[in-house]
Amino acid sequence: MFIIYENVPKFTDHHMKESVVRVHIVNLRDYIWKDDPANVVPTCTCPANRNLKDCCAGIMVALKQRPEFATWYGSSFLEKRELLSRRLRADLTAPSLYSFM
Ligand SMILES: [Zn+2]
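Below you will find a few notes about this structure. Please read all numbers here as calculations on a predicted model, not as lab measurements. (Residues numbered from 1 in each chain as written. Predicted model: local features only at pLDDT ≥ 70, side-chain atom pairs only at ≥ 80, totals over all residues. Heavy atoms only, no water.)

## Some remarks on a nonpolar patch on the surface
Part 1 of the argument: Together, Met1, Ile3, Tyr5, Val21, Val23 and Ile25 make up a nonpolar patch on the protein surface, roughly 630 Å² of accessible area in all.
Part 2 of the argument: Listing elements by their share of the nonpolar patch, those giving two or more residues are strand S1 (2–8) and strand S2 (20–27).
Part 3 of the argument: Considering each element in turn, the nonpolar patch owes the most residues, three residues, to S2.
Part 4 of the argument: The topology assignment puts Val23 in strand S2.
Part 5 of the argument: Taking relative accessible area as the criterion, Val23 reaches 37% and is therefore assigned partly exposed. (Patch = residues over 30% accessible without salt bridge, like charges linked within 9 Å, V, L, I, M, F, W, Y side chains within 5 Å. Areas by Shrake-Rupley, 256 points an atom, 1.4 Å probe, with all protein chains shown as cover. Salt bridge = Lys/Arg side-chain N within 4 Å of Asp/Glu carboxyl O. Helix = DSSP H or I, 4+ residues; strand = E, 2+ residues; numbered from the N terminus. Buried < 20%, exposed > 50% of the residue type's maximum accessible area, 1.4 Å probe, protein only.)

In structure tokens:
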């Protein structure tokens, strides 16, 4: 578990009317550094991760602190599909989820 403070200045995105400190509480438990059905995606409490299901700045900073990062990182975090929510991955969607649709 990592607690990361991100200084977000005013106007860095269209929603910031004043400078804020965004707190990321990142959970890397059971993240195994590969795109595998057993992998558990990193999660964060911030709006980017909760609402957009995106890999937030907090997750990226937390991963960078780990020794595995040096050999794992490619040219972009966007190449790392395992960092996205399983909700976005048809190959990992549990059949039971379709019963709610
Ligand atoms: Zn976050």
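## Overview of the nonpolar core
Part 1 of the argument: Ranked by internal contacts, the top residues of the largest apolar core, which has 15 residues, are Val26, Ile59, Leu63 and Trp72.
Part 2 of the argument: Listing elements by their share of this core, those giving two or more residues are helix H2 (57–64) and helix H3 (69–72).
Part 3 of the argument: At three residues, the largest contribution of residues to this core is made by H2. (Core = buried A, V, L, I, M, F, W, Y, C linked by side-chain atoms within 4.5 Å.)

## Considerations on the pattern of salt bridges
Part 1 of the argument: Across all of its chains, the model carries two salt bridges by this definition.
Part 2 of the argument: Across the pair Arg22 and Glu6 runs a salt bridge, and its minimum N-O distance is 3.6 Å. Of the two residues, Arg22 is situated in strand S2 and Glu6 in strand S1; the sequence distance between them amounts to 16 residues.
Part 3 of the argument: A relative accessible area of 23% places Arg22 in the partly exposed class.
Part 4 of the argument: Measuring nitrogen to oxygen at the nearest pair gives 3.9 Å for the salt bridge that ties Arg66 to Glu68.
Part 5 of the argument: Exposure remark for Glu68: the relative accessible area of 31% places this residue in the partly exposed category.

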